[in-house]
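Report on the structure
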Amino acid sequence: GLGGKGERSRRQQQGLVMAHAVPYTLFRSGTSKGPLFLRKALEAVPKSRWFEAGVDRLEHIAATLVGSGHPYGVDGLGGGRSSTNKSIIVSGSTVEGSDVDCLFVQSRINTFGVDGSHGDCGNMVASVGAFAIEKGLVMPALPSTRVRVRSLNTGTRYEIKVQTKGLPGPGGVVGGVPRVQYSGDQMIAGVDGTGSPVVVTAKGMAGTLGRGILPTGNASDLVSVSSGRKVRVSCVDFSRPMVLVACDDLGLTGSETKLELDADTGLMDLAEEVRREAAMKMGMGNVEGMTSPKIACVSPGAGGANINTRYFTDPSQRDLHYALAMTACQCLGAASLIDGTVASEIASGLPTDSLTPADGDHEVIVSHPSGSSQVKIVAENGELVAASYVRTVRKIAEGSAFYPLE
């Protein structure tokens, strides 16, 4: 036999371990980064004796290639942070109204595995449009191409508008097959430089848990923590389930930096305790070891924003987001429009004087440690039904990642 992991390590050092080459494209997508794979490329990987029973095979392969199980992700394409330990599996869709299906994979960091509770990533999904075009799953058009995406994680439908351009031919005439345009003048908070705007519109993401946009049935609730005090929270499920709490109730002003909050172990412990207690009220059970629901604290907006936030990527890992996840931005935007929530009571400049949101498009600007992000929330017949936002994406690398077979 091969003699276990010690023998495997020896064989690796001697260059004897076989590996399967898996094509990938690495994107910076919004404020996140990760590789995108074609489903058929992962399905072509031979079975490995290192595969763990009870784990989805394709997710296992993706997590391995990202480098799950190491705090720095040194053995893969990831970066040892929630925002960079991501990947997406893409395939053509057979469902009416969708061009492609995507499965988002959030790989764990310190232990090997996948966090199946995470749901979608609003930043990473922006890159699915460019990837689908470049892999021939969607035919490009000029001056932009619409890519319709179905999330296999949540069922949310996305429409991604990708800027495309033709190549100049003889005499400067533009012709040939249009290409994805990555360059442009669009700026987003948390990313240096500019890029081509990618417009993402999401639909069907109200109540991902199946319990409505307010999964506890209330606009706000009280949760008890071990110190004996009660903390007021709003549990909102729009694009993802979230727990919202006033910064004041966590002893914060809302102006703190990521460096300051990551170092505050007492704060992170409190945020995690509030998150777990609120999850029980949302019907999610014990969420220890899971990153969903997410938690964020809110305060009055800064610099012309309607509301300000500090968004905890994973308080158990002492990790505050350096900017803002776009699923969280959508949820915060929606919560700011719902009368009686912690967010709506703190937000300013928004129509929150009625029990149901006014029909129409509502732009919500959310400030965060890297600046501010905008999201447009759409209300129809008194219900919140869609959201749209702008991201930029950059293709960083393309090639083969090697999955060990021994």
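Scoring rules and cut-offs
- Every chain's residues receive numbers from 1 upward, in the order its sequence appears when written.
- Reporting of local features is limited, given that this is a predicted model, to residues whose pLDDT is at least 70; pairs of side-chain atoms are given and counted only at 80 or more, and all residues count toward the totals for whole chains, interfaces and linings.
- The side-chain values count all of the structure's non-hydrogen atoms but skip hydrogen atoms and water molecules.
- Whenever a carboxyl oxygen of Asp or Glu lies within 4 Å of a side-chain nitrogen of Lys or Arg, that contact is scored as a salt bridge.
- Only DSSP runs of H or I reaching four residues or more are called helices, and only runs of E reaching two or more are called strands; each is numbered from the N terminus.
- Per-residue accessibility, obtained with a 1.4 Å probe over protein chains only, is compared with the maximum for each type, and a residue is labelled buried under 20%, exposed over 50%, and partly exposed between these values.
- Expected span of a helix: the number of residues minus one, times 1.5 Å.
- A pocket, in this scheme, is an open set of points on a 1 Å grid over the protein atoms alone with protein on both sides within 12 Å along at least 5 of 7 lines, while a cavity is a set where a 1.4 Å probe fits but cannot get out; residues line either one if an atom lies within 4 Å of a point.
- Grid points are joined across faces, edges and corners, and a volume is the space filled by probe spheres set on the points.
- Under the scheme applied here, ten amino acids are nonpolar (Ala, Val, Leu, Ile, Met, Phe, Trp, Tyr, Cys and Pro), four are charged (Asp, Glu, Lys and Arg), and all others, including Gly, are polar.
- Known as pLDDT, the predictor's confidence for each residue is given on a scale from 0 to 100.
- Contacts between residues were defined by any pair of non-hydrogen atoms, one from each residue, lying within 4.5 Å.
- Note on aromatic contacts: the rings of Phe and Tyr and the six-membered ring of Trp form a pair at centre separations within 6.5 Å, being stacked when their planes are under 30 degrees apart, edge-to-face when over 60 apart, and tilted otherwise.

Let's shift gears to the pattern of salt bridges. Taken as a whole and assessed by the stated rule, the structure comprises 14 salt bridges. Residue Lys-135 is joined to Glu-398 by a salt bridge in which the shortest nitrogen-to-oxygen separation is 3.3 Å. In this pair, Lys-135 is assigned in the loop between helix H4 (126-134) and strand S5 (144-151) and Glu-398 in strand S18 (residues 393-404), connecting sequence segments 263 residues apart. In this structure Lys-135 comes out as partly exposed when scored by relative accessible area, which is 34%. The partner of Lys-376 in a salt bridge is Asp-361, with the nearest N and O atoms 3.7 Å apart. Here Lys-376 is found in strand S16 (residues 371-380), whereas its partner Asp-361 is found in strand S15 (residues 360-368), with 15 residues between them in sequence. Each of Arg-81, Lys-258, Asp-262 and Asp-319 takes part in a single network of salt bridges with overlapping partners.

Once that is clear, we can look at helix H6 (residues 265-281). In a regular helix each residue adds 1.5 Å, so 17 residues correspond to 24 Å; H6 covers 25 Å between its end C-alpha atoms and thus fits that length. Gly-283 sits one or two residues past H6 and shows a positive phi near 80°.

Over the atoms rolls a probe the size of a water molecule, and in doing so it shows where empty space is left. Under the counting rule described, the total for this entry stands at three cavities of 30 Å³ or more. Its volume calculated, the largest cavity comes out at about 110 Å³. Lining the largest cavity are 17 residues, and of these Lys-86, His-118, Tyr-311, His-321 and Ala-325 sit closest to its centre. The set of elements that each furnish at least two residues to the lining of the largest cavity consists of strand S13 (307-314) and helix H7 (326-335). The residue inventory of the lining of the largest cavity, partitioned by class, reads four nonpolar, nine polar and four charged.

Now for the confidence of the model for the protein. Low pLDDT marks stretches whose predicted atomic positions should not be read closely. When pLDDT is averaged along the protein, the result is 90, and 91% of the positions lie at 70 or above. Counting contacts from residues 1-5, a segment whose pLDDT is below 50, to residues more than four positions away or on other chains yields nine contacts.

Before going further, it helps to examine the packing of aromatic side chains. Counting across every chain of the model gives one aromatic pair. Aromatic pair Phe-27 and Tyr-182: ring centres 6.5 Å apart, planes at 40°, arrangement tilted. Of the two residues, Phe-27 is situated in strand S1 (residues 19-29) and Tyr-182 in the loop between strand S7 (174-180) and strand S8 (198-203); the sequence distance between them amounts to 155 residues.

All right, on to unusual backbone geometry then. Looking along the chain, the bond that leaves Leu-142 and enters Pro-143 is cis, with omega of 0°. Residue Pro-293 follows Ser-292 across a cis peptide bond; omega there is 5°. Position of Pro-293 among the secondary structure elements: in the loop between H6 and strand S12 (294-300). With a phi close to 55°, Arg-318 is a non-glycine residue in the positive phi region. Structurally, Arg-318 is set in the loop between S13 and strand S14 (319-320). Phi at Asn-381 is positive, roughly 55°, even though this residue is not glycine.

Once that is clear, we can look at the environment of Leu-350. On the secondary structure map, Leu-350 appears in the loop between helix H8 (342-346) and S15. A relative accessible area of 16% means that Leu-350 is categorised as buried. Sequence-distant contacts of Leu-350, defined by excluding residues within four places in its chain, comprise Asn-306, Ser-336, Leu-337, Glu-363 and Val-364.

Turning next to H4. Helical geometry note: an α-helix holds 3.6 residues per turn, so side chains three or four residues apart project in the same direction. Summarising burial for H4: eight of the nine residues are buried, a large majority. Among all positions of H4, only Ala-126, Ser-127, Val-128, Gly-129, Ala-130, Phe-131, Ala-132 and Ile-133 are buried. Just downstream of H4 lies Gly-136, where phi reads positive at about 80°.

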